[in-house]
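Commentary on secondary and tertiary structure
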Amino acid sequence: MHCGGRALLLPWLPALLAGFLAAGSEFRHHRYEDMVRALFAVHNRCPYVTRIYSVGRSVEARHLYVLEFSDNPGIHEPLEPEFKYVGNMHGNEVLGRELLINLCQFLCEEFQAGNQRVARLLYDTRIHVMPSMNPDGYEVAARQQGPEFNGYLVGRGNARQVDLNRNFPDLNALMYYYEKSDGRNHHLPLPDNWEQQVEPETRAVIKWMQNYNFVLSANLHGGAVVANYPFDKSRDARIRGRTTYAATPDDQIFRNLARTYSYAHGWMHKGWNCGDYFDEGITNGASWYSLSKGMQDFNYLHTNCFEITLELSCDKFPPESSLAGEWLANREALVAFLEQVHHGIKGMVYDENNNPIENAEISVSGIDHDVTSGADGDYFRLLLPGTYAVTASAPGYAVSSSTVTVGPAGATQHDFYLKKAPKQNVKTKQHHGRRNAASPKSTLKLGPR
Ligand code: GEM
Ligand code: ZN
């Protein structure tokens, strides 16, 4: 699907460009009101495959809007993975916001035009697009900075000037603490008072992450051109100026995800960009520079979602004249990365009566990071091609193991049927499931921002 896809998109290009240009050029910067109008215009044009919802409001009460694409908007269909794109978390890094508006217009137009690749994506996936996580910061940047001025920090933070990519609970610290005991590194719990410790935008996005079982995601930034993958925080962040690679247990998968973007991008993979060199256009976050309380690591440590951070332009507020070219350089990459959500293993977890089991843990031998089944009992485990020993477990049930082979295209489906365990064999994992009342709460303080 991946290789053939590029060819599938190209025939539509001239018509698409002509359409955009005729419509008075969609390649322009969108202030908040313009962005909202653009998203609703897409919804009005493609009402049966889109839905608009807000996950909450910013400090200055602007909505954090999401445009959702699916053949059944508003509904999670079992075995159809959920995907998200988030842009403009730093208000002054604006290319992601524009590219995501372009992507929404593209998905809608191409679906209408009968593009089979796009139609298939919409039938098999639920795609959530949040063009701006920091609409307040954007307005500051657009007013005081604008495209012509290269102020580096104006509008980066939210209205209270908090950097939202330094505002998530520090689950890396908790993971390192757990390494001394059971080594747990997934669905790590939040401190009791986490809601009081984070900004409204962060709070809304965390609740969004908890309400949808996202499988794959990217967070769009600017200021460099590179695909950055977890961990962002190095093991010893206190050693200043020294950068150490902090690998997740899923390092190979993350590197592959990052490469998917960089090689499908016009020039990211070449490595030399904005005066920096990144081999293959990818980097481990911590090996670049260490960052605490970022969103990327939080996704991996608190949810089932694998997130990478895409740095997409040297210029954080690029001139309008560059937007059409940037769209062409990123369009295939945005679609190809999205398609990666269909790799690995997926399936259902049932009990003996065919009732779905929520929050079952799926473990892959050799990769020390579990994912859990969602409310419908479905699970998604991104993996590279290969043969894996996979285990499903849930409290009160006997563990079930299988050997599953993953090919290069599409996800392999494997369902688990768990039998009730005899009382003495019940596996009691204290830390099971994030909604489990028995799970320990983090006592770590989030500390000053
Ligand atoms: C970043 S995020 C990407 C880089 N991550 C690491 N660990 N070096 C940030 O938040 O500082 C860059 C950006 O703002 O775009
Ligand atoms: Zn940024």
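Quick summary incoming for the structure in this document. (Residues numbered from 1 in each chain as written. Chains lettered and ligands numbered in written order. Predicted model: local features only at pLDDT ≥ 70, side-chain atom pairs only at ≥ 80, totals over all residues. Heavy atoms only, no water.)

Protein coordination at the zinc ion (ligand 2): the donors are H90 (ND1), E93 (OE), E93 (OE) and H221 (ND1), at 2.0 to 2.5 Å from the metal. One can describe the site at the zinc ion (ligand 2) as irregular: its 6 donor atoms subtend angles covering 56 to 151° at the metal. Written as a sequence motif, the donor arrangement for the zinc ion (ligand 2) is H-x2-E-x127-H. E93 gets classed as buried once you look at its relative accessible area, which sits at 3%. (Donors = N, O, S within 2.8 Å, 3.2 Å for Na, K, Ca; no water. Tetrahedral: all angles 85-135°; square planar, octahedral: opposite > 155°, others 65-115°. Buried < 20%, exposed > 50% of the residue type's maximum accessible area, 1.4 Å probe, protein only.)

Bringing the side chain of H265 into the picture now. Structurally, H265 is set in the loop between α10 (251–264) and β7 (272–273). According to the relative accessible area criterion, H265 is buried, its value standing at 2%. Looking at H265, its side chain comes within polar contact range of the main-chain nitrogen of W267, at 3.0 Å. A distance of 3.5 Å separates a polar atom in the side chain of H265 from a polar atom in the side chain of N330. Beyond its immediate stretch of four places on either side in the chain, H265 contacts V225, A329, N330 and A333. (Helix = DSSP H or I, 4+ residues; strand = E, 2+ residues; numbered from the N terminus. Polar contact = N/O pair within 3.5 Å; in protein donor to acceptor, adjacent residues only side chain to side chain. Contact = heavy atoms within 4.5 Å.)

The subject of this paragraph is the pairing of strand β10 (residues 306–313). Look at any regular strand and the pattern is simple: side chains alternate between the two faces of the sheet. Across the 8 residues of β10, 8 count as buried, placing the element largely inside the fold. The pairing of strand β5 (residues 214–221) with β10 spans 6 bridges and is parallel. Paired with S217 across the two strands is E307, which belongs to β10. Where strand β6 (residues 224–229) lies against β10, 5 bridges are found, and the strand directions are antiparallel. Pairing of V225 across the sheet is with L312, part of β10. (Pairing = 2+ DSSP bridges.)

We now examine the pattern of salt bridges. Side chains that differ in sign of charge can pair as their charged atoms come close. Under the definition given, this model contains 23 salt bridges. A salt bridge links R28 to D34; its shortest N-O distance comes to 4.0 Å. Take D34: its relative accessible area is 24%, and that puts it in the partly exposed class. Notably, a salt bridge pairs E332 with R117, separated by 2.9 Å at the nearest N-O pair. Taken together, the positions of E332 in helix α13 (residues 323–339) and R117 in helix α5 (residues 116–124) put the pair 215 residues apart, joining distant regions of the chain. R117 shares its class with E332; the two are buried. The network of salt bridges with shared partners includes E93, R156, D163, R166 and K316. (Salt bridge = Lys/Arg side-chain N within 4 Å of Asp/Glu carboxyl O.)

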